[in-house]
Amino acid sequence: MSERSSVQYAKVDGSYFEKRGLRRYAGVWSLWALGVGAVISGHFAGWNLGLANGWGSMLLATIIISVMYLGLTFSLAEMSPALPHTGGAYSFARTAMGPWGGFLTGLAENVEYVLTPAVIVFFIGSYMGSIFGTPPAWQPLWWIGFYVVFIGLNIVGVELSFKITLAVTLLALACLVAFWVSALPKIDFARWAMNVGAGGAVLPEGRGPFLPLGFGGVLAALPFAVWLFLAIEQLPLAAEESVDPRRDMPRGIIAGIFTLIVSAFMILWLNPSVAGIGSHALSTSAEPLLDGFKAIYGDGIAKILALVAVLGLVASFHTIIFAKGRQIYSLSRAGYFPSALSVTHGSRKTPHIAMIVGSVVALVVMFVLWFSLGVDKGSAVIGGTLLNMAVFGAMFSYVMQALSFIKLRSKLPNMERPYRSPLGVPGAVLTLLIALVTIYFQLSDPVYRIGVLWVALWFAIGVSYFAVMGRHRLILSPEEEFAISLAEKGRAAAHP
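Here is a short report on the structure shown in this document. Counting restarts for each chain, with residues numbered from 1 along the sequence as it is written. Two thresholds apply to this predicted model, a pLDDT of at least 70 for residue-level local features and 80 or more for giving and counting side-chain atom pairs, whereas whole-chain, interface and lining totals are computed over all residues. Heavy atoms from the whole structure form the basis of all side-chain values; hydrogens and water molecules are not counted.

1. Points about the overall build of the chain
- Secondary structure elements follow DSSP: runs of H or I of four or more residues count as helices, runs of E of two or more count as strands, with numbering from the N terminus. On a plain count of helices and strands, the chain comes out with 17 helices and 0 strands.
- Projecting the C-alpha coordinates of the chain onto the three principal axes gives extents of approximately 75 × 45 × 40 Å.
- Long-range pairs, those at least 24 residues apart, make up 82% of the contacts in the chain between residues at least 6 apart in sequence.
- When the accessible surface of the chain is totalled, it reaches about 17,500 Å², and 70% of it is carbon and sulfur.
- Between the centroid of the 32 positive side chains of the chain and the centroid of its 24 negative side chains there is a distance of 4 Å. Throughout, a residue-residue contact means that at least one pair of heavy atoms, one from each residue, lies within 4.5 Å. Accessibility throughout is a Shrake-Rupley quantity obtained with a 1.4 Å probe, and a residue counts as covered only by protein chains that appear here. Residues scored as positive are Lys and Arg, those scored as negative are Asp and Glu, and His as well as the terminal groups of each chain are ignored. In this description, the location of a charge corresponds to atom NZ of lysine, CZ of arginine, CG of aspartate or CD of glutamate.

2. With respect to helix α11 (residues 288–297)
- With a 1.4 Å probe rolled over the protein chains alone, any residue whose accessible area is under 20% of its type maximum counts as buried; one over 50% counts as exposed, and the rest are partly exposed. If you check which residues of α11 are buried, you get Pro288, Leu289, Leu290, Gly292, Phe293 and Ile296.
- On its buried face, α11 sits against α4 (89–132), α6 (158–183), α9 (245–270), α10 (279–282) and α12 (302–333).
- Looking one or two places after α11, you find Gly298, whose phi comes out positive at around 90°.

3. A word on the packing of aromatic side chains
- Classification of ring pairs uses Phe, Tyr and Trp, with its six-membered ring standing for Trp, and accepts pairs whose centres are within 6.5 Å; under 30 degrees between planes counts as stacked, over 60 as edge-to-face, and the remaining range as tilted. This model, assessed by the stated rule, comprises 24 aromatic pairs.
- Ring centres of Trp55 and Phe189 lie 4.7 Å apart, and the angle between their planes is 85°; on these two criteria the pair is classed as edge-to-face. With Trp55 in helix α3 (residues 55–82) and Phe189 in helix α7 (residues 189–193), this residue pair connects regions lying 134 residues apart in the sequence.
- A residue is classified by how much of its surface remains accessible, and Trp55, at 10% relative accessible area, is buried.
- On the accessibility criterion, Phe189 (27% relative accessible area) is partly exposed.
- One aromatic cluster is present, formed by Phe132, Trp142, Phe146, Tyr147, Phe150 and Phe317 through successive ring pairs.
- Counting as a charge over the ring demands two things of the Lys NZ or Arg CZ atom: a distance within 6 Å of the ring centre and an angle within 35 degrees of the ring normal. The ring of Tyr16 is capped by Arg20, whose NZ or CZ atom sits 3.7 Å from the centre of that ring.
- Against the face of Trp192 rests Arg191, its NZ or CZ located 3.8 Å from the ring centre.

4. A short note on α4
- Helix length check: α4, at 44 residues, gives a terminal C-alpha distance of 40 Å against a target of 64 Å (1.5 Å per residue), a shortfall beyond 12%.
- Bending of α4 peaks at approximately 150° at the position of Met97, with proline Pro99 no more than four residues after it.
- Across the 44 residues of α4, 39 count as buried, placing the element largely inside the fold.
- Backbone geometry just downstream of α4 places Gly133 in the positive-phi region, at approximately 70°. Every helix has an expected span of 1.5 Å times one less than the residues it contains. At any given residue, the bend is defined as the angle formed between two axes, one fitted to the seven residues that end at that position and one fitted to the seven that begin there.

5. As for unusual backbone geometry
- The phi torsion at Arg207 lies on the positive side, around 55°, for a residue other than glycine.
- Structurally, Arg207 is set in the loop between α7 and α8 (214–226).
- Exposure remark for Arg207: the relative accessible area of 59% places this residue in the exposed category.
- For Ala231, which is not glycine, the phi dihedral falls at a positive 100°.
- Position of Ala231 among the secondary structure elements: in the loop between α8 and α9.

6. What to know about the pattern of salt bridges
- We count a salt bridge whenever a side-chain nitrogen from Lys or Arg sits within 4 Å of a carboxyl oxygen from Asp or Glu. Applying the stated rule across the entire model yields 10 salt bridges.
- Of the charged contacts in the structure, one is a salt bridge between Arg417 and Glu78, with a shortest N-O distance of 2.9 Å. Linking Arg417 in the loop between α14 (375–411) and α15 (424–444) with Glu78 in helix α3, this pair joins segments that are 339 residues apart in sequence. For the pair Arg417 and Glu78, a shared accessibility class is recorded, and that class is buried.
- One salt bridge in this structure joins Arg94 and Glu480, with 2.9 Å as the shortest N-O distance. Taken together, the residues Arg94 in helix α4 and Glu480 in helix α17 (residues 478–494) connect sequence positions 386 residues apart.
- Judged by relative accessible area, Arg94 falls into the buried class, the value being 0%.
- Classification of Glu480 as buried rests on a relative accessible area of 0%.
- Overlapping salt bridges, with partners in common, bring together Glu78, Arg409 and Arg417 in one network.

7. Notes on the environment of Ala334
- Here Ala334 lies in the loop between α12 and α13 (352–373).
- Through-space distance from the C-alpha of Ala334 to that of Pro478 is 8.3 Å; in sequence the pair is 144 residues apart.
- Excluding residues within four positions of it along the chain, Ala334 makes contact with Tyr90, Leu474, Ile475, Ser477 and Glu480.

Set out below in structure tokens:
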């Protein structure tokens, strides 16, 4: 069956792609910073909510999720230089599983990249409110302000965007290293990290069980362990802005995941162990790193420390806005989303419309929740339910990307691969299985299920649009032409 059998392609002239140009700039360190910077906010806030299940549960969950991300990143290190297009995950799935597979993968990633910055800016607003003493009702003003500033910086140009990404990523890592060094003389692991007892109760003297909620606690902690690595997979979206994606993309993403693994286990060990805090208190904190700094240095310099802690959130916020723009741009350029979204800035060559529209959608969601539910409940839903929606979108896309890797290995064994994953198909299978387990837990837990149901609604809307309109208006973008060409070569080889 032809790749074109279920879709139709519209004819466009050269001006269509002239209005949608990008500019190459990124080298291996820029790509490393893009991957690490996208994730690093998860080491400042969000991951700690999993400590409600006990420190041991969070440790095992983090090990399991680390294995999943190793399998994923090595798979991406192979696929991204072989298919060096801005589409990233959509491009891989499109080549392996056709237009519908590409669209569903892109739709899942879209949920992740639209909602993840919303969760991050919520945490930024929480920090800024503490620093400047603004009332909770002012939170939306912080959100708007940060979106305006960082969309603007991303629109100015890819050169500035990557320079800021590298700078804030290095500063965020420096902040984490400073915390590790400061915390080491102040920790009492058994007393504080192990202070969650059976049923989640606090143990004043610590020394609680390793798994206070049993293995179910490990499963419950999985979505929060994801927050320590979520968005490293965005790196292939910079392929068309990389100077040499065939060489630099594998180096950047592999260096990035190992940087994050070291940081993840250091923060998991040290933050709950600082005397005076503990796992139980951190499990409900919106500012866990700041809590750690306060316990070490006292409240006297808390505002300065909070500003330092904001760096990690800013690094991820800035880089995921970059990714969101490229993800929407690539699907729009190929006609899966309305093509107007992929027009780039005339002189800056950045996908400004995609970034603005995606950010407006995120802000609308936040405003609806905030003003309809009130400050307290709205905060809980934005910081919890939206986080779970982003994680679910990511998990679904990981399943599709792992399947893409496996299918490309079997379907196109002779495709040129500048880099081959040392984990091969077994690594992709592990990624697939762990992602499915995480999805299963989200579906089985009533708290997480709410977020999954909202993602399902977004999928229903997207699939309906694509079935009725989108699939009849596709455009031969680089991803589409590449996928069709490989499919035709594969058929020719199978039927000489």
